[in-house]
Amino acid sequence: MQQSVVLKASNDGYELILRQEASFDDIMVDLKVLLDRLQADNTTDKQISFDLDTANRLLTAEQNQKVTQLIQRYPLFSIHKLTADVILTADALAMIERDTVHLVNQIIRNGQVVEITGDVLFFGKIHEGGVLRATGSIFVMGEVNGALEAGYPDHNDAVIVSPLATVPRVRVGELLELVDLEKVVDGTNVVYINDIQALDYQPLQQLKRVRPKLFTRNGGRV
């Protein structure tokens, strides 16, 4: 049985990775077992600092508090930083220039097409065969096994911000293609139309470079 929490050594210490497919209850059980073992193996009083990586899982404030409180039970353990491949709501809102932003939290089932006018922050779940289609950009914070179509039908400046490991098809503006996993980057991808009018994939940290207008707020920069 695959563990829901994985410990990896890094240059700065240790990294705790929470598997996306595991339930939060399983994560808490496995995390306690792992911490107990580390405490028993730690024969010195050396402080151990963890980088906590939630991968494509976005912890709620309550879940984050529970994880933090568990680690704080061990005097020699602490959390150095918390990282995730998904974007936080506040970060996503800060990226969006338009006035019309839709927060969508629903299940899109096989054969269903949900069409939104404007930009979308998607918190729900898209089943295989389902389609989320927006006239603006799509920022994914949920689970997607169906198709994502941004800038529909011809807004070529739109972007899709999403992990793509389970997404079969993407469309931006007039360009549609099957997702080639050999082309995508690890973690969250920015899918956009590049200067040669082809769909391109970049890591999330490149969003400001490829679409700087998304960061323009009230004449300033964020």
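Quick caveat: nothing in here was measured; it's all calculated off a predicted structure.

Engineer: Could you give an account of the overall build of the protein chain, naming the residues involved and the relevant values?
Structural biologist: The secondary structure content of the protein chain amounts to four helices and 20 strands. By the burial criterion, 42% of the 222 residues in the protein chain qualify as buried. Within the protein chain, residue pairs in contact and separated by at least 24 positions form 38% of the contacts whose partners lie at least 6 positions apart. Taken as a whole, the protein chain presents about 12200 Å² of accessible surface, with 47% of it coming from carbon and sulfur.

Engineer: Explain the sheet that holds strand S13 (residues 147-150) to me, and be specific about the residues and the numbers.
Structural biologist: Spatial ordering of the open sheet is given by S7-S10-S13-S15-S16, a layout of five strands whose pairing is mixed. Among the strands making up the open sheet, the edge pair consists of strand S7 (113-116) and strand S16 (175-178). Each strand of the sheet is rotated relative to its neighbour by a mean of 10 degrees, with strand direction disregarded. Two elements, S13 and strand S15 (residues 169-172), share three bridges in a ladder whose sense is parallel. From the neighbouring strand, Leu 148 faces S15, where its bridge partner is Val 170.

Engineer: An account of the pairing of S7 is requested, with residue identities and associated values reported.
Structural biologist: In the case of a regular strand, side chains alternate between the two sheet surfaces. Burial along S7 is one-sided: the face carrying Val 114 and Ile 116 is buried and the face carrying Val 113 and Glu 115 is not. One ladder, built from four bridges, connects S7 with strand S10 (residues 131-134); its direction is parallel. Across the sheet, Val 114 pairs through a bridge with Leu 132, a residue of S10.

Engineer: Account for helix H1 (residues 24-41), with residues named and values stated.
Structural biologist: Since the α-helix packs 3.6 residues into each turn, any two residues three or four apart lie on the same face. For H1, spanning 18 residues, the distance from its first C-alpha to its last is 25 Å, which sits close to the expected 26 Å at 1.5 Å a residue. Those residues of H1 that fall on the buried side of the exposure criterion are Phe 24, Ile 27, Met 28, Asp 30, Leu 31, Leu 34, Leu 35 and Leu 38.

Engineer: Provide a residue-level description of the packing of aromatic side chains, including the pertinent values.
Structural biologist: Scanning all chains against the criterion turns up three aromatic pairs. Aromatic pair Tyr 74 and Phe 77: ring centres 5.6 Å apart, planes at 25 degrees, arrangement stacked. A relative accessible area of 5% places Phe 77 in the buried class. In this arrangement the basic side chain of Arg 133 is found over the ring face of Tyr 152, its NZ or CZ atom lying 4.3 Å from the centre.

Engineer: Break down the pairing of strand S14 (residues 160-163) for me, with residues and values.
Structural biologist: Burial of the side chains of S14 extends over both faces: Ile 160 and Ser 162 are buried on one face and Val 161 and Pro 163 on the other. Relative to S14, strand S11 (residues 138-140) runs parallel, the two sharing two bridges. Residue pairing for S14: Phe 139 is matched across the bridge by Val 161. Of the pairings in the sheet, the one linking S14 to strand S17 (residues 188-193) comprises four bridges and is antiparallel in character. From the neighbouring strand, Pro 163 faces S17, where its bridge partner is Thr 188.

Reading the values: the criteria
Residues numbered from 1 in each chain as written. Predicted model: local features only at pLDDT ≥ 70, side-chain atom pairs only at ≥ 80, totals over all residues. Heavy atoms only, no water. Helix = DSSP H or I, 4+ residues; strand = E, 2+ residues; numbered from the N terminus. Buried < 20%, exposed > 50% of the residue type's maximum accessible area, 1.4 Å probe, protein only. Contact = heavy atoms within 4.5 Å. Areas by Shrake-Rupley, 256 points an atom, 1.4 Å probe, with all protein chains shown as cover. Pairing = 2+ DSSP bridges. Axes fitted to C-alpha atoms, helices over the stretch in contact; angles between N-to-C directions. Expected span 1.5 Å × (residues − 1). Phe/Tyr/Trp six-rings, centres within 6.5 Å; stacked < 30°, edge-to-face > 60°. Lys NZ or Arg CZ within 6 Å of the ring centre and 35° of its normal.

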